[in-house]
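Each chain, letter by letter, is given below.
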Amino acid sequence: MEGASARWRDPAFRRGVQDMVGPAMGIAAWGLVTGVAMVKSGMSVSIALATSLLVFAGSAQLATLPLLAGGAPLWVVWATAACVNLRFVILGTQWRPYFGHLPRARRLRLAYFAADLNFVLFMKRYPRPEPAPGQEAYFWGGAALNYPAWQLSSVAGILLGDRVPTEWGLGFAGVLVLIGLIGSMLNTRSTWVAAAVAAVTAVLSYGLPYKLNIVLAIAAAVLVGVAMDHRTPAGAATADDRT
Amino acid sequence: MTATLEWSWSLLLALVGLGLITLLTRGFFLLPDREWPLPAWLRQGLRYAPLAALTAVVAPEVVLTQGQWVATLQDARLYAAAAAALFYAWQRSILGTIVVGMAVMLALRLGLGW
């Protein structure tokens, strides 16, 4: 990244930082919980640190935690993470009008840091889907705060979790976060039905080897959801998520 | 409750793969040089997949122990999860959901020894 000091003087960059200050508090709290949950679900400190730095996607980290700890095969772990992250694919279609014209190396950097909150703030600041001066600087201003807020709080959670007795059950905090996220996506009748199908299928088919119950449950829920949409063309369900 | 994870080549591969999935999902429509249209069937499926994946992971974590139904109602997880779900339905705050759920968890675990 060229000319860090020039960046800091850019008003769009500073605006990006300022807009992220409030949301970063929430990110930090979530990072803390994720860090604690990783260590209390059986990860060593070094594994948890590597996970946080490499993966940088809170809900995918939490969702794959029981799978990794339970020895699920790689493809099931990856498929689950990909499904959890599919919302980013949808967000990506909306990033394109702003950044699609940039060289690919710059798009690659932008993509890795394009978390949910960066999306929400950016779209609020630049509602017109067209390139404009300052957009990249604004994005990096937000990322410059969002990324360390997430990583540092995750590290704090990892170190804290290492000192808390396992019997307290803090590993369950990860499940609690996911419960909140699920709640945020339950906004139509078909989403409720899809979630119920996923829950029942995952529990009843738990005896399948290789954690295939997760794959089966996802497939069943997606099929039922899409089938319900075909019968009743209702309003679009949108995923309202934060990482 | 869970086994301990150890460093291994397959774990490293899993984590690197997860990092790539972060990059590829976030960049799926940003990285190609030409714009791809999003097919309608994919758009529909995408709507349910994240919800389905999260629910599929969470449900067994709450109601099963080592693959069996919870044998006792004196299991702090059940009440922590229920309190969290109710609080979210009421306040729609994820932060508050964690705090309430963990408060119930700690009270039952440390207070009653469940």
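Thresholds, definitions, all that
Residue positions within a chain follow its written sequence, with the count starting from 1. By the order in which they are written, chains take letters starting at A while ligands take numbers starting at 1. In keeping with the predicted nature of the model, local features appear solely for residues at pLDDT of at least 70, side-chain atom pairs appear and are counted solely at 80 or more, and the whole-chain, interface and lining totals rest on all residues. Water and hydrogen atoms were dropped before computing side-chain values, which therefore reflect all heavy atoms in the structure. Helix and strand definitions follow DSSP, with helices as H or I runs of at least four residues and strands as E runs of at least two, each counted in order from the N terminus. For this measure, only C-alpha atoms enter the radius of gyration; the expected value for a globule follows 2.2 Å times N^0.38, where N is the number of residues. Relative accessibility thresholds used throughout: buried, under 20% of the residue-type maximum; exposed, over 50%; partly exposed, between the two (1.4 Å probe, protein chains only). Contact between two residues is taken to exist if any of their heavy atoms lie within 4.5 Å; hydrogens are not considered. Reported accessibility uses the Shrake-Rupley method at a 1.4 Å probe radius. Residues are deemed covered only where the shown protein chains occlude them. Positive residues here are Lys and Arg, negative ones are Asp and Glu, while His and the chain termini are left out of the count. In plain terms, the charge of a residue is placed at NZ if it is Lys, CZ if Arg, CG if Asp and CD if Glu. Note on definitions: buried area is the accessible-area loss of two parts on being combined, 1.4 Å probe, summed for both. Salt bridge criterion: a side-chain nitrogen from Lys or Arg within 4 Å of a carboxyl oxygen from Asp or Glu. Contacts described as polar in this section are N or O atom pairs within 3.5 Å, which, within protein, must combine one atom able to donate a hydrogen with one able to accept it, while residues neighboring in sequence count only if both atoms come from side chains. Amino acids are sorted into nonpolar (Ala, Val, Leu, Ile, Met, Phe, Trp, Tyr, Cys and Pro), charged (Asp, Glu, Lys and Arg) and polar (every other residue, Gly among them). Domain start and stop positions are those given by an automatic or database domain assignment. Centre distance within 6.5 Å is the pairing criterion for rings of Phe, Tyr and Trp, where only the six-membered ring of Trp is used; planes under 30 degrees apart are then read as stacked, over 60 as edge-to-face, and the remainder as tilted. Whether a charge sits over a ring depends on NZ of Lys or CZ of Arg being within 6 Å of the ring centre and within 35 degrees of the ring normal.

What to know about the overall build of chain B
Right, on to step 1. Counting its regular elements, chain B contains four helices and two strands.
Right, on to step 2. Overall, chain B shows an N-to-C arrangement of helices and strands of α-α-β-β-α-α.
Right, on to step 3. The C-alpha atoms of chain B give 20 Å as radius of gyration, which overshoots the globular expectation for 114 residues (13 Å, by more than 25%).
Right, on to step 4. Residue burial in chain B is summarised as follows: out of 114 residues, 48% are buried.
Right, on to step 5. Of all intrachain contacts in chain B linking residues separated by at least 6 positions in sequence, the fraction that spans at least 24 positions is 31%.
Right, on to step 6. When the accessible surface of chain B is summed, it comes to about 6100 Å², and 67% of that surface belongs to carbon and sulfur atoms.
Right, on to step 7. Taken as two groups, the 7 positive and 5 negative side-chain charges of chain B have centres that lie 10 Å from each other.

What to know about the overall build of chain A
Right, on to step 1. Within chain A, the regular secondary structure consists of eleven helices and zero strands.
Right, on to step 2. The principal-axis extent of the C-alpha atoms belonging to chain A is close to 60 × 50 × 30 Å.
Right, on to step 3. Per-residue burial for chain A yields a buried fraction of 57% across its 243 residues.
Right, on to step 4. Looking at chain A alone, contacts between residues at least 24 apart form 79% of all its contacts between residues at least 6 apart.
Right, on to step 5. Working note: accessible area of chain A is about 10000 Å², and carbon and sulfur atoms make up 67% of it.
Right, on to step 6. A distance of 3 Å separates the average location of the 19 positive side-chain charges in chain A from that of its 11 negative side-chain charges.

A look at the interface of chain A and chain B
Right, on to step 1. Counting from both sides, the interface comprises 89 residues of chain A and, opposite them, 70 residues of chain B.
Right, on to step 2. When the buried surface of chain A facing chain B is broken down by residue, Arg96, Phe172 and Leu176 of chain A rank first, second and third, together holding 10% of it.
Right, on to step 3. Where chain A packs against chain B, one counts two salt bridges.
Right, on to step 4. A salt bridge links Asp33 of chain B to Arg104 of chain A; the shortest N-O distance between them is 3.4 Å.
Right, on to step 5. Counting every contact that joins chain A to chain B gives 20 residue pairs in polar contact (both at pLDDT 80 or more).
Right, on to step 6. It is helix α5 (residues 74-99) of chain A that provides the largest number of residues to the side of chain A that touches chain B, a total of 19 residues.
Right, on to step 7. A per-class count over the side of chain A that touches chain B returns 60 nonpolar, 22 polar and seven charged.

Describing the side chain of Lys211 of chain A
Residue and element names in this part refer to chain A.
Right, on to step 1. Positionally, Lys211 belongs in the loop between α10 (189-204) and α11 (212-231).
Right, on to step 2. Polar side-chain contacts of Lys211 include one of 3.3 Å to the side chain of Tyr206.
Right, on to step 3. Excluding anything up to four places from it in sequence, Lys211 contacts Pro66, Leu67, Gly70, Ala72, Val76 and Tyr206.

Focus on the domain arrangement of chain A
Right, on to step 1. If you check the domain split of chain A, you get domain 1 (2-74 + 91-185) and domain 2 (187-243).
Right, on to step 2. The gap between the C-alpha centroids of domain 1 of chain A and domain 2 of chain A is 25 Å.

Description of the pattern of salt bridges
Residues and elements named next belong to chain A.
Right, on to step 1. Tallied over the entire structure, the rule returns six salt bridges over all chains.
Right, on to step 2. With a closest N to O distance of 2.7 Å, Arg106 and Glu136 form a salt bridge. Taken together, the positions of Arg106 in helix α6 (residues 104-113) and Glu136 in helix α8 (residues 135-163) put the pair 30 residues apart, joining distant regions of the chain.
Right, on to step 3. For Arg106, a relative accessible area of 34% gives the class partly exposed.
Right, on to step 4. Two residues, Glu130 and Arg128, come together in a salt bridge whose shortest N-O distance is 3.1 Å.
Right, on to step 5. Judged by relative accessible area, Arg128 falls into the exposed class, the value being 58%.

Quick word on the packing of aromatic side chains
Right, on to step 1. According to the stated counting rule, one finds 21 aromatic pairs over all chains in the structure shown.
Right, on to step 2. With a centroid separation of 5.6 Å and 50° between ring planes, the pair formed by Tyr79 of chain B and Trp114 of chain B is classed as tilted. Of this pair, Tyr79 of chain B sits in helix α3 (residues 76-91) while Trp114 of chain B sits in the segment after α4 (94-112), and the two are 35 residues apart along the sequence.
Right, on to step 3. Since its relative accessible area comes to 34%, Tyr79 of chain B is described here as partly exposed.
Right, on to step 4. Directly above the aromatic system of Phe56 of chain A lies the positively charged group of Arg26 of chain B, at a separation of 5.0 Å from the ring centroid.
Right, on to step 5. Seen from the ring of Phe88 of chain A, Arg26 of chain B lies directly overhead, with NZ or CZ sitting 4.2 Å from the centre.

A word on the environment of Leu86 of chain B
Right, on to step 1. Residue position: Leu86 of chain B is located in helix α3.
Right, on to step 2. Sequence separation between Leu86 of chain B and Val100 of chain B is 14 residues, and the spatial gap between their C-alpha atoms is 9.7 Å.

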